[in-house]
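# Fold and contact review
In case you want the letters, here they are:
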Amino acid sequence: MTTKPKRWRIVLVMALCIIVGMIAYRAYQDEKAREAKRIDMIGAVDPETLVASKKPVTKIQVGVTYIAYSKAEWGNYAWKYIKLVSDTKILSVNDEAHHPKSYYYQRDSDGEAYLKALVVNECMYEIKDGNYYSTSGIATQLFFKVKEHVGKGSRGDYSYKQREWGGAGALEFKNGRYRTNTFRLDGYPGDLYKAKVQLPNSLDEYVSQYKMASPPPVISGEDGS
């Protein structure tokens, strides 16, 4: 002989089923979000993994490659490589080619993806009050498709090649350490660290690492030599 289950038992079972379903759905959504983040981060590089030492630089040496980033820049995966090639020449590379994929798609109001870019400056520099100021030099930009994993041998194209004044900004000595800053020392500084990678000795040598589709158009009639 069976008895009809009481109403409160039915309600309890239904409530438990709803709770379990909600938990399962939330777990599913969380996993989807984690997976999307993992996919989005493919190709992105954490600049902290590229430093040879986590101690900020207190002395600049010729021939040594440095990397700079601030906490704010780090959050956007933007950083800069710098090398004093000689007592008068400096080479710098702004890396805009290793952001998370979402970075390139979110920045264009028309929905078009921004291209990955490397901004290269080869400048003369002078030292004043312990600060290194870049002066005249040449600059270029290399562009790559978003789907391209940018590294040596990657295929891209130039935007231009032109002469610049102070294009690489300055290396400012502040509070016992060096940091990047604007030429007027009024920007958003990033501490300088020794880098694991090494820059070559010229802009042309750096560009030669990539497969450019065409030679750079020259701005203002300068040949960049």
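What you see is a predicted model; the values in this text were computed from it and never measured.

### As for the overall build of the protein chain
For the protein chain, the count of helices and strands is four helices and 10 strands. Each helix (α) and strand (β) of the protein chain, taken in turn from the N terminus, gives the series α-β-α-β-β-α-β-β-β-β-β-β-α-β. Residue burial in the protein chain is summarised as follows: out of 225 residues, 38% are buried. Entry remark: accessible area of the protein chain is about 13,800 Å², with carbon and sulfur atoms responsible for 54%.

### Remarks on the pattern of salt bridges
Taken as a whole and judged by the stated rule, the model has five salt bridges. A salt bridge links E126 to K128, with the nearest nitrogen and oxygen atoms 3.5 Å apart.

### What about the pairing of strand β9 (residues 190–194)?
Sheet topology places strand β1 (residues 65–69) next to β9; four bridges connect them, and they run antiparallel. Opposite Y69, over in β9, you have D191 as the bridge partner. The pairing of strand β8 (residues 177–181) with β9 spans two bridges and is classified as antiparallel. If you follow T180 over to β9, its bridge partner there is G190.

### A few points about a nonpolar patch on the surface
Nonpolar side chains collect at one region of the surface, where L12, L16, I19 and I23 lie side by side and expose about 380 Å² of accessible area between them. With respect to the helices and strands, L16 occurs in helix α1 (residues 7–40). A residue is classified by how much of its surface remains accessible, and L16, at 47% relative accessible area, is partly exposed.

### What about the packing of aromatic side chains?
Applying the stated criterion across every chain, the model contains seven aromatic pairs. Between Y132 and Y178, the ring centres sit 5.8 Å apart and the planes meet at 70°, which makes this aromatic pair edge-to-face. Within this pair, whereas Y132 is found in strand β5 (residues 131–144), its partner Y178 is found in strand β8, the two being separated by 46 residues in sequence. On the accessibility criterion, Y132 (12% relative accessible area) is buried. On the basis of relative accessibility, which here comes to 8%, the residue Y178 falls in the buried class. On the basis of an interplanar angle of 70° and a centroid distance of 5.6 Å, the ring pair of Y133 and F183 is categorised as edge-to-face.

### Section: the side chain of E172
As for its placement among the helices and strands, E172 is situated in strand β7 (residues 170–174). Here N181 takes part through its side chain, which lies 2.9 Å from a polar atom of the side chain of E172. Sequence-distant contacts of E172, that is, excluding residues within four places in its chain, are made with N131, R177, Y178, R179, N181 and L185.

### Brief notes about unusual backbone geometry
In most cases, non-glycine residues show a negative phi, while peptide bonds are predominantly trans. A positive phi angle is found at N175, which is not glycine, with a value near 55°. Turning to its location among the elements, N175 is positioned in the loop between β7 and β8. What makes N175 exposed here is its relative accessible area of 70%. The phi angle at L185 is positive, at roughly 60°, despite the residue not being glycine. Topologically, L185 is positioned in the loop between β8 and β9. Relative accessible area serves as the criterion here: at 27%, L185 is assigned to the partly exposed category.

### Let's talk about the environment of T88
Mapped onto the fold, T88 is located in the loop between β2 (79–84) and β3 (89–96). A sequence separation of 46 residues divides T88 from S134, and the C-alpha atoms of the two residues are 9.3 Å apart. In this structure T88 touches C123, M124 and Y125, once residues within four positions along its chain are discounted.

### What about the confidence of the model for the protein chain?
Residue-level pLDDT values for the protein chain average 80, and 77% of them are 70 or greater. Looking across the protein chain, the model is least confident in helix α2 (residues 71–75), with a mean pLDDT of 55, and most confident in β7, with 94. Low pLDDT (under 50) marks residues 221–225, which in the prediction has eight contacts with non-local residues, meaning those over four places away or in another chain.

Calculation notes
Residues numbered from 1 in each chain as written. Predicted model: local features only at pLDDT ≥ 70, side-chain atom pairs only at ≥ 80, totals over all residues. Heavy atoms only, no water. Helix = DSSP H or I, 4+ residues; strand = E, 2+ residues; numbered from the N terminus. Buried < 20%, exposed > 50% of the residue type's maximum accessible area, 1.4 Å probe, protein only. Areas by Shrake-Rupley, 256 points an atom, 1.4 Å probe, with all protein chains shown as cover. Salt bridge = Lys/Arg side-chain N within 4 Å of Asp/Glu carboxyl O. Pairing = 2+ DSSP bridges. Patch = residues over 30% accessible without salt bridge, like charges linked within 9 Å, V, L, I, M, F, W, Y side chains within 5 Å. Phe/Tyr/Trp six-rings, centres within 6.5 Å; stacked < 30°, edge-to-face > 60°. Polar contact = N/O pair within 3.5 Å; in protein donor to acceptor, adjacent residues only side chain to side chain. Contact = heavy atoms within 4.5 Å. pLDDT = per-residue confidence, 0-100.

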